[in-house]
Amino acid sequence: MEEYRKELSDDNYILIKYERNGGEIEYMLVVYYSIINEKQHQIFRVDMGHGFLHKDKLYEQKKKRVKEPIFEKPAVETVWSIVKEIQEN
């Protein structure tokens, strides 16, 4: 398992984890965390739980949250494009 932490500021960071089997990604997790009122909160997550690659927008109200599928083959490039997207938004 490869794991990275990308600091965005004192209160914000991205946790990146992925596992490869040869050239294939078998597991992938990208989470944007923010420290709010001295507590760590997940704001946005991309993972392969539930059997498919998807986004969870955790800043939305629980009733409105939908697992938004990502129709890309999980690859190392996908991981880093998601990190770039988070940084730009």
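Peer 1: What should I look at first to understand the pairing of strand β2 (residues 12–21) in this one?
Peer 2: Regular strands place their side chains on alternate faces of the sheet. Bridging between strand β1 (residues 2–9) and β2 involves 7 bridges; their strand directions are antiparallel. Following the sheet pairing, Glu7 is matched in β2 by Tyr13. In this structure, the hairpin formed by β1 and β2 is closed by a connection of 2 residues. Across 10 bridges, β2 lies against strand β3 (residues 24–36) in antiparallel orientation. Paired with Glu19 across the two strands is Tyr27, which belongs to β3. Taking the residues between adjacent antiparallel strands as the criterion, β2 and β3 are bridged by 2 residues, where Gly22 takes a positive phi near 70°.

Peer 1: Explain the sheet that holds strand β5 (residues 54–57) to me, please; I cannot follow it from the model alone.
Peer 2: Across a sheet, strands are paired by hydrogen bonds formed along the backbone, either parallel or antiparallel in direction. Here 6 strands make up an open sheet; going across it, the order is β1-β2-β3-β4-β5-β6 and the pairing antiparallel. For this open sheet the edge positions go to β1 and β6 (68–69), each flanked by a neighbour on one side alone. Docked against the sheet, helix α1 (residues 76–88) engages β1, β2, β3, β4 (39–47) and β5, running at close to 170° with respect to β2.

Peer 1: Help me understand the pattern of salt bridges in this model?
Peer 2: Side chains that differ in charge, positive against negative, can pair when their charged atoms come close. Under the criterion given, the structure shown has 9 salt bridges. In this structure, Arg20 engages Glu2 in a salt bridge whose closest nitrogen and oxygen atoms are separated by 3.0 Å. Separated by 18 residues along the polypeptide, Arg20 in strand β2 and Glu2 in strand β1 bring together distant segments of the chain. Glu2 sits in the partly exposed class, given a relative accessible area of 25%. A salt bridge links Asp56 to Lys67; the shortest N-O distance between them is 3.0 Å. In this pair, Asp56 sits in strand β5 while Lys67 sits in the loop between β5 and β6, placing the two residues 11 residues apart along the sequence. The class for Asp56 is buried, based on a relative accessible area of 5%. You can call Lys67 partly exposed: its relative accessible area is 33%. Through salt bridges with shared partners, a single network forms among Arg45, Asp47, Asp56 and Lys67.

Rules used throughout
Residues numbered from 1 in each chain as written. Predicted model: local features only at pLDDT ≥ 70, side-chain atom pairs only at ≥ 80, totals over all residues. Heavy atoms only, no water. Pairing = 2+ DSSP bridges. Helix = DSSP H or I, 4+ residues; strand = E, 2+ residues; numbered from the N terminus. Contact = heavy atoms within 4.5 Å. Axes fitted to C-alpha atoms, helices over the stretch in contact; angles between N-to-C directions. Salt bridge = Lys/Arg side-chain N within 4 Å of Asp/Glu carboxyl O. Buried < 20%, exposed > 50% of the residue type's maximum accessible area, 1.4 Å probe, protein only.

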